[in-house]
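The chain contents come next:
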Amino acid sequence: MRLSRVEFGHTGEAADAVAAMRAAGYASDIGVALLYRPELFGRPFSEMLQELMKGPSEWTSAERELFAAFVSAQSQCPF
């Protein structure tokens with residue numbers, strides 16, 4: 001279920017970024033969600049993702065990207 005507020009409620013720079021993604025032909029659900037009220041969700045969540053994907057780990061960044069792609073494919077979710 002998509003929330004129309006998150007789908008169409010962007011303003012300012014976020015609205016411009018979403019419009020550019022849509023014009024390029026691909027605006028992922030997560031990209032659109034991260035741009036909606038980024039101070040509450042987008043930036044903290046993005047920072048956490050960067051730490052998980054690029055921070056210290058026994059796995060390389062490439063291995064973690066592969067894991068994420070595999071889980072997305074199994075979930076039938078665009079990556």
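Everything here concerns the structure above.
Cut-offs applied
- Residues numbered from 1 in each chain as written.
- Predicted model: local features only at pLDDT ≥ 70, side-chain atom pairs only at ≥ 80, totals over all residues.
- Heavy atoms only, no water.
- Helix = DSSP H or I, 4+ residues; strand = E, 2+ residues; numbered from the N terminus.
- Buried < 20%, exposed > 50% of the residue type's maximum accessible area, 1.4 Å probe, protein only.
- Contact = heavy atoms within 4.5 Å.
- Areas by Shrake-Rupley, 256 points an atom, 1.4 Å probe, with all protein chains shown as cover.
- Lys, Arg positive; Asp, Glu negative; His and termini not counted.
- Charge placed at Lys NZ, Arg CZ, Asp CG, Glu CD.
- Phe/Tyr/Trp six-rings, centres within 6.5 Å; stacked < 30°, edge-to-face > 60°.

1. Here's the deal with the overall build of the protein chain
Item 1. From N to C terminus, the protein chain includes five helices and zero strands.
Item 2. Counting from the amino terminus, the protein chain carries its helices and strands in the arrangement α-α-α-α-α.
Item 3. Along the longest, intermediate and shortest principal axes, the C-alpha atoms of the protein chain span 40 × 25 × 25 Å.
Item 4. Considering the protein chain as a whole, with its 79 residues, one finds that 18% of them fall into the buried category.
Item 5. In the protein chain, the share of contacts with a sequence separation of at least 24, taken over all contacts with a separation of at least 6, comes to 23%.
Item 6. For the protein chain, the exposed surface amounts to about 6200 Å²; the carbon and sulfur share of it is 62%.
Item 7. Averaged over its 7 positive side-chain charges, the protein chain has a centre that lies 7 Å from the centre of its 10 negative ones.

2. Here we look at the environment of leucine 40
Item 1. Following the sequence through the fold, leucine 40 ends up in the loop between helix H3 (29-35) and helix H4 (42-54).
Item 2. When the C-alpha atoms of leucine 40 and glutamate 51 are compared, they prove to be 18 Å apart, with eleven residues separating the residues in sequence.

3. With respect to the packing of aromatic side chains
Item 1. Across all of its chains, the model carries two aromatic pairs by this definition.
Item 2. An angle of 15° between the planes, with centres 5.0 Å apart, marks the rings of phenylalanine 41 and phenylalanine 45 as stacked.

These figures capture arrangement, not role.
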